[in-house]
Amino acid sequence: MSTLTLRSPISTMVTRLRPLGEPRARKYALLTFAVDAGLVFTLLVSVQSYLPEQYQASEAIAGYVLAAYGAAKLVGQLPAGYMIDRLGPRQGLLGGLCLAVAGQAAMLLAVVEPLLGVPAAALYGLGAAAIWPSTFSLAAAEFAEDERARLSASMTIATGAAVATAFGLGFILSPGFPYAAAIAVSISALLAAFLIVGQFPSARPINAQVRAEARRRFAWLRLLISPRRMAFSVLLLLQGAILGALIAVFGSYGRTFLHVSVRAELLLFAPAAAAGACAVLLTGSLADRVGRIPVLGAGLLAVTVGAWGLSTSTGTGAVVPLAMLTAVGLALAVPSVSAMAIDLSHGAETATLLGWFLTMESIGHAVGPAVGGALNQASGTAPALWFAGGLAALAALIALVPPVWARTPPIAVARRPLRTMLAFSAKGGLVFSLGFPVIAVYLAWQPGSQLYGQMLNHGPRDRMEVAITFDDGPNDPWTLRIADTLDHYDVEGAFFTVGKNAEEHPGIVRSLVAQGHLIGNHSYRHHKSDAVVDPRYGELWKAEHAIFSAAGVCPAIYRPPNGFHTPWQLHAVASRGMKTITWDVIPRDWKDPPPEEIVRRVLDSVRPGSIILLHDGKDTDHHADRSATLNALPGIIEGLRTKGYKIVRLDKLVSVPAYLESCSE
């Protein structure tokens, strides 16, 4: 009995995976492998490596070739689908392969003139534009609705194997491997695809009524204008953008966010790749058994949480599981989406609708890297990952709107509990993803949080030393009165200066520097919104210039207004060699409590290494009364010394430079 109990789950899993190895599915996987291996080896290995090294081509030629291929494929998919519906999917597949082989062969002309590779790549793209609508049209005719997700999973695995094979071959071959020979290898892969086409049956005949409907002008457009197909088009656009954005920031994530080498980054993400590959093996069966939407929604929510988590994590202990969660989410989403594309295009205009769906996905593949790369260039990896996570959350919202997806593949009664559990899990995850921004905003207010980047909020806890800091000045006359009190007790304070206030009172800033006090950067306008809406956070450098004009120093220490911070804001600070420093003792003196209450709050909260936050101003209000803070200061200083604390200047407490060498960006 125990043997049977142990073998049953294993045999069940094998049964579910068996369709991946069936001859029906195998030919689609082999075709996908051959086409993708040839594509990757041509465009991402040969053109990017052998062509520039052997024929002195510009490094930009690879970008031009990829752009030409992508543009031709984008433009050609919808017309190709229309033609395939008239000629037949098998003929369309043969025609697409012929164009692709011709394009690859024309890539040999780049030996004579590298720029000739651009039109050759465009011809190659037109071939690819016909290959995939034809392939999926054949699949729609050959596979039942409850088998298509498993087919999509097998094709996804084949794509991964093709990419690994092409890059592995490029790694094994020497840099001097002839470019022409490399193109010949790619052509041989497509020629192998011709042999596989012979195994494909022709599409099933379409009944006369459906064919007559298809002959009406713009029949495919009328089919497209339905809630499910329109919603699915948006889903495809978003999914393409998510993938593109994540790929665009992959290299810089390790280099600038984790500060590790490419090799170390690959090792960190190896478990994620393995988890994604394993998930794909099971995703197809799961989507066929319980329905596309629950699996798709769960996958998109996993991507949301994973991408947003990666944007706020710098420790490898958190990065590995978050990357695995993201990879598993993508593995859940991709096969489900491919199967839905076939489901929603089945009929007389199958290839045309598939061409439309593939066009939407291609637009996403173009928009995602462009926006993600721009955000990454402007303000670092974190905003680009927030962008990808936000797109995934939006896609999950669309996927989990029940009225749009009223019709789903029939589910056996025995499978309904699993589907219900997955659906409820997805909806619970949706609630979490909607609440995630609220949590993120809460963490942005925490002065000790390290989630969005490195900040200091206290000094060493093993020394009886503390620092006193003041925010929002200069403010006449209170800033100088506070400074005079500090001088009376032989204490050096740190004044976090608002740039706009420094322009109003440059003499006060000069006096503070002359008295030996530290000047810090507290933004230019003291607006929290600037940290959200400006990815480059120009307020930082604008305040630096204002302080330099007033006192001739460039602060190396920054404090966010009210402690509110974002990942890209902290990235902007760190990229300029500055440190973000907050506090751990805050008596809330800006509310003007009695001086003795301010003293009590400070002395009750102080610890070794504490950074005490007081205020000599109020935002950019030049008439704020800070008499309560001034009157509390003697009691604070005397009380700290009575407790055995030594009051030191902030930069000495945390051992960081006080000022930058220059204010040049």
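Here's what I pulled together on the structure shown here. Since the model is a prediction, treat every value here as computed from it, not as a measurement.

Rules used in this analysis
Residues numbered from 1 in each chain as written. Predicted model: local features only at pLDDT ≥ 70, side-chain atom pairs only at ≥ 80, totals over all residues. Heavy atoms only, no water. Helix = DSSP H or I, 4+ residues; strand = E, 2+ residues; numbered from the N terminus. Buried < 20%, exposed > 50% of the residue type's maximum accessible area, 1.4 Å probe, protein only. Contact = heavy atoms within 4.5 Å. Core = buried A, V, L, I, M, F, W, Y, C linked by side-chain atoms within 4.5 Å. Phe/Tyr/Trp six-rings, centres within 6.5 Å; stacked < 30°, edge-to-face > 60°. Lys NZ or Arg CZ within 6 Å of the ring centre and 35° of its normal.

### Topic: the overall build of the chain
Working step 1: The secondary structure content of the chain amounts to 26 helices and seven strands.
Working step 2: Each of the 665 residues in the chain was classed as buried or not, and the buried ones make up 53%.
Working step 3: Relative to all contacts within the chain whose residues are 6 or more apart in sequence, the contacts with residues 24 or more apart total 83%.

### As for the side chain of Arg 649
Working step 1: Examined against the element boundaries, Arg 649 turns out to sit in the loop between strand 7 (646-647) and helix 26 (650-654).
Working step 2: Since its relative accessible area comes to 13%, Arg 649 is described here as buried.

### Some words on the nonpolar core
Nonpolar side chains tend toward joint burial in soluble globular proteins.
Working step 1: Ranked by size, the top nonpolar core spans 95 residues in total, and within it Met 107, Phe 232, Leu 296 and Leu 300 carry the most contacts.
Working step 2: When residues of this core are assigned to their parent elements, the largest contribution, 13 residues, is made by helix 2 (residues 23-55).
Working step 3: Beyond its immediate stretch of four places on either side in the chain, Leu 300 contacts Leu 235, Ile 242, Ala 333, Ala 392, Ala 395, Ala 396 and Ala 399.
Working step 4: Within the second largest apolar cluster, 35 residues are counted, among which are Ala 550, Ile 612, Ile 636 and Tyr 645.

### Some remarks on the packing of aromatic side chains
Working step 1: What the rule picks out here adds up to eight aromatic pairs.
Working step 2: Measuring from ring centre to ring centre gives 5.9 Å for Tyr 50 and Phe 177, while their planes differ by 55 degrees; the resulting arrangement is tilted. Here the residue Tyr 50 occupies a position in helix 2, and Phe 177 occupies one in the loop between helix 6 (148-172) and helix 7 (179-197), the gap between them amounting to 127 residues.
Working step 3: In this structure Tyr 50 comes out as buried when scored by relative accessible area, which is 1%.
Working step 4: Centre to centre, the rings of Tyr 69 and Tyr 124 are 5.5 Å apart; their planes meet at 75 degrees, and the pair counts as edge-to-face. Note that Tyr 69 is positioned in helix 3 (residues 61-87) and Tyr 124 in helix 5 (residues 117-142), a separation of 55 residues in sequence.
Working step 5: Among the aromatic side chains, those forming a connected cluster through ring pairs are Tyr 28, Phe 143 and Phe 200.
Working step 6: Across the ring face of Trp 478, the terminal group of Arg 481 is positioned such that the distance to the ring centre comes to 5.0 Å.

### Structural notes on the environment of Gly 276
Working step 1: By secondary structure assignment, the location of Gly 276 is in helix 12 (residues 262-290).
Working step 2: Taking C-alpha positions, Gly 276 is 8.5 Å from Leu 332, a pair spaced 56 residues apart along the chain.

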